[in-house]
Amino acid sequence: MTALGLETAMRDVDREIRILEGALSEGDPDLTQTVDQALRLVNRLMLAFASAAGHPIPALDEHSDPLEVFKAFVKGDPSLNAVRDNLRELVYYRNCLTGGREDALPVNPAAMTVRTLRHIYLYMRTRAIKDHGLKEA
């Protein structure tokens, strides 16, 4: 993937995040769907960034286990570990939902999910601008 491909992927993810943010303002979106979509979007960002950096991860896609994508994504550049804690938070939300432990979720978990996703996006956008010279990421 070229820098243009990364820019396109980031623009698409940003558009989808805006849709999730709009759903928050309209009411209480389905939490499971929101968390699942957030994890897919984070995977998409990591895969696009890795590809643009010259080490594509063809064995994984946006539906893969996000922690597996992260392990492949961060190889060779430990500074990308900044994504780890935010990704783990989203995985924790998914695990709480899967395990029927909604009581272990934070207050307003849908809002927290979308804000955490936005935080990851902004970090990746900053890195894309710095590392790949993107202007419109």
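Here the structure is a predicted model, which is why all the values come from computation and not from measurement.

## Here's the deal with the overall build of the protein
Helix and strand counts for the protein stand at 5 helices and 0 strands. Against the 2.2 N^0.38 benchmark of 14 Å for 137 residues, the protein shows a C-alpha radius of gyration of 15 Å, consistent with a compact globule. Overall, the protein is about 40 × 30 × 20 Å in size when its C-alpha atoms are taken along their principal axes. For the protein, the residues scored as buried account for 43% of the 137 residues in total. Partitioning the intrachain contacts of the protein with sequence separation of at least 6 by distance along the chain shows that 64% fall at a separation of at least 24. By element, 52% of the accessible surface of the protein is carried by carbon and sulfur atoms, the whole surface being about 7,200 Å². Put simply, the protein has 17 plus and 20 minus side-chain charges, and the middle of one group is 6 Å from the middle of the other.

## Some words on the packing of helix 2 (residues 31-52) against helix 5 (residues 109-132)
Running from amino to carboxyl end, helix 2 crosses helix 5 at an angle of 10°, the nearest separation of the two axes being 9 Å. By the angle between their axes, helix 2 is roughly parallel relative to helix 5. Residues L31, T34, V35, A38, L41, V42, L45, F49 and A52 of helix 2 lie in contact with helix 5, whose contacting residues are P109, A110, T113, V114, L117, I120, Y121, M124, R127, A128, D131 and H132. Across the contact of helix 2 with helix 5, the residue classes tally to 16 nonpolar, 3 polar and 2 charged.

## Observations concerning unusual backbone geometry
The residue N108 is not glycine, and still its phi comes out positive at about 55°. Tracing the backbone through its elements, the reader meets N108 in the loop between helix 4 (84-98) and helix 5.

## What about the pattern of salt bridges?
Counted according to the given criterion, the structure contains 11 salt bridges. With a shortest N-O distance of 3.1 Å, E68 and K71 are connected by a salt bridge. One end of the pair is E68 and the other is K71, both in helix 3 (residues 66-74) and 3 residues apart, which spans about a single turn. By relative accessible area, which is 38% here, E68 ends up partly exposed. Note on K71: relative accessible area 46%, which makes it partly exposed. A salt bridge links R84 to D85; the nearest nitrogen and oxygen atoms lie 3.7 Å apart.

## Comments concerning the side chain of T34
Assignment of secondary structure puts T34 in helix 2. At 2.8 Å, the side chain of T34 forms a polar contact with the backbone oxygen of D30. In this view, T34 contacts L20, P29, A110, T113 and V114; residues no more than four positions away in its chain are not counted.

## A few points about the environment of E62
Within the fold, E62 resides in the loop between helix 2 and helix 3. Judged by its relative accessible area of 23%, E62 is partly exposed. It is 20 Å that separates the C-alpha atoms of E62 and R127, two residues lying 65 residues apart in sequence. Once residues within four sequence positions are removed from consideration, E62 is found in contact with R40, N43, R44 and L47. There is a polar contact of 3.0 Å between the side chain of E62 and the side chain of R44.

Each value, and the rule that gives it
Residues numbered from 1 in each chain as written. Predicted model: local features only at pLDDT ≥ 70, side-chain atom pairs only at ≥ 80, totals over all residues. Heavy atoms only, no water. Helix = DSSP H or I, 4+ residues; strand = E, 2+ residues; numbered from the N terminus. Rg over C-alpha atoms; globule rule 2.2 N^0.38 Å. Buried < 20%, exposed > 50% of the residue type's maximum accessible area, 1.4 Å probe, protein only. Contact = heavy atoms within 4.5 Å. Areas by Shrake-Rupley, 256 points an atom, 1.4 Å probe, with all protein chains shown as cover. Lys, Arg positive; Asp, Glu negative; His and termini not counted. Charge placed at Lys NZ, Arg CZ, Asp CG, Glu CD. Axes fitted to C-alpha atoms, helices over the stretch in contact; angles between N-to-C directions. Parallel < 35°, antiparallel > 145°, perpendicular 65-115°, else oblique. Nonpolar A, V, L, I, M, F, W, Y, C, P; charged D, E, K, R; others polar. Salt bridge = Lys/Arg side-chain N within 4 Å of Asp/Glu carboxyl O. Polar contact = N/O pair within 3.5 Å; in protein donor to acceptor, adjacent residues only side chain to side chain.

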